[in-house]
Amino acid sequence: AEQNDLQFAVPGGLIGVGTKVDPTLTRADRLVGQVLGLKDQLPDVFTEIEISYYLLRRLLGVKTQEGTKQAKVQKLTKGELLMVNIGSTSSGGKVVKVLEGPRGEPIARITLTQPVCTQENEKIALSRRVDKHWRLIGWGEIRKGNKIEMNQSFKVTVISESNEIA
């Protein structure tokens, strides 16, 4: 497998990438959801997103007393903490603003706890903390957001096996 060149990768496919990254950064699935690509060929990195969203009518997977209906999903509120899933990335998010779009659709502005590499019109899932568990409450689409400029160059220091800095 190491001798074969990879022509292309498909969504859902599994590929291995050899790097010289310190193994402590890659242990315990710390890189799950991270995006790898060539410079200037990746989507933008967002710290805050504006989404149009749709909430479920009732919570899924929550036990209720016999004979009672499942709990209704409440509207988003300013200051609320959510789990935002974008692709394979999970990030916490704080609702900064809730408003109504030009066509009457609900819109929310969410500040992410960690930057996410994504693009506009990407589908997202929204979850809320219910009884110490994250429960799906709705889904949405990224309309726009605050982007981080990635034109910085980073200095990489390589330490060889003999502990000399190269």
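Data block above holds the structure.
The sections below set out a description of the structure shown in this document. Note that the structure is predicted; figures quoted are calculated from it, not measured.

**Thoughts on the overall build of the chain**
Logical step 1: Counting secondary structure elements, the chain contains one helix and six strands.
Logical step 2: The linear arrangement of helices and strands in the chain, starting from the amino end, is α-β-β-β-β-β-β.
Logical step 3: Expressed as a percentage of the 166 residues in the chain, the buried residues total 25%.
Logical step 4: In the chain, the proportion of contacts linking residues at least 24 apart, taken out of those at least 6 apart, comes to 57%.
Logical step 5: Entry remark: accessible area of the chain is about 13,000 Å², with carbon and sulfur atoms responsible for 51%.

**Things to note about a nonpolar patch on the surface**
Logical step 1: Together, Leu6, Ile15, Val17 and Leu36 make up an exposed nonpolar region whose accessible area comes to about 420 Å².
Logical step 2: Among the secondary structure elements, Leu36 is positioned in the loop between α1 (23-26) and β1 (45-55).

**A short note on the sheet that holds strand β4 (residues 106-117)**
Logical step 1: With respect to topology, six strands assemble into a closed barrel ordered β1-β4-β3-β2-β5-β6, the strand pairing being antiparallel. Here the strands of the sheet are splayed against their neighbours by 45° on average, with no regard to which way each runs.
Logical step 2: Of the strand pairs in this sheet, strand β2 (residues 81-86) and strand β5 (residues 123-130) are connected by four bridges, and their pairing is antiparallel. Paired with Met83 across the bridge in β5 is Ser127.

**Let's talk about the pattern of salt bridges**
Logical step 1: All told, the structure shown has eight salt bridges when counted by the stated rule.
Logical step 2: Between Glu80 and Arg128 there is a salt bridge, and its shortest N-O distance comes to 2.4 Å. You can see Glu80 sitting in the loop between β1 and β2 and its partner Arg128 sitting in strand β5, a full 48 residues away along the chain.
Logical step 3: Taking the relative accessible area as the measure of exposure, Glu80 reaches 13% and is therefore buried.
Logical step 4: As a salt-bridge pair, Lys123 and Glu141 come within 2.6 Å of each other at their nearest N and O atoms. Taken together, the residues span a long stretch of sequence, with Lys123 in strand β5 and Glu141 in strand β6 (residues 133-148) at a distance of 18 residues.
Logical step 5: Since its relative accessible area comes to 53%, Lys123 is described here as exposed.
Logical step 6: Members of the salt-bridge network, linked through shared partners, are Glu48, Glu50, Glu105, Arg109 and Arg143.

Cut-off values and rules
- Residues numbered from 1 in each chain as written.
- Predicted model: local features only at pLDDT ≥ 70, side-chain atom pairs only at ≥ 80, totals over all residues.
- Heavy atoms only, no water.
- Helix = DSSP H or I, 4+ residues; strand = E, 2+ residues; numbered from the N terminus.
- Buried < 20%, exposed > 50% of the residue type's maximum accessible area, 1.4 Å probe, protein only.
- Contact = heavy atoms within 4.5 Å.
- Areas by Shrake-Rupley, 256 points an atom, 1.4 Å probe, with all protein chains shown as cover.
- Patch = residues over 30% accessible without salt bridge, like charges linked within 9 Å, V, L, I, M, F, W, Y side chains within 5 Å.
- Salt bridge = Lys/Arg side-chain N within 4 Å of Asp/Glu carboxyl O.
- Pairing = 2+ DSSP bridges.
- Axes fitted to C-alpha atoms, helices over the stretch in contact; angles between N-to-C directions.

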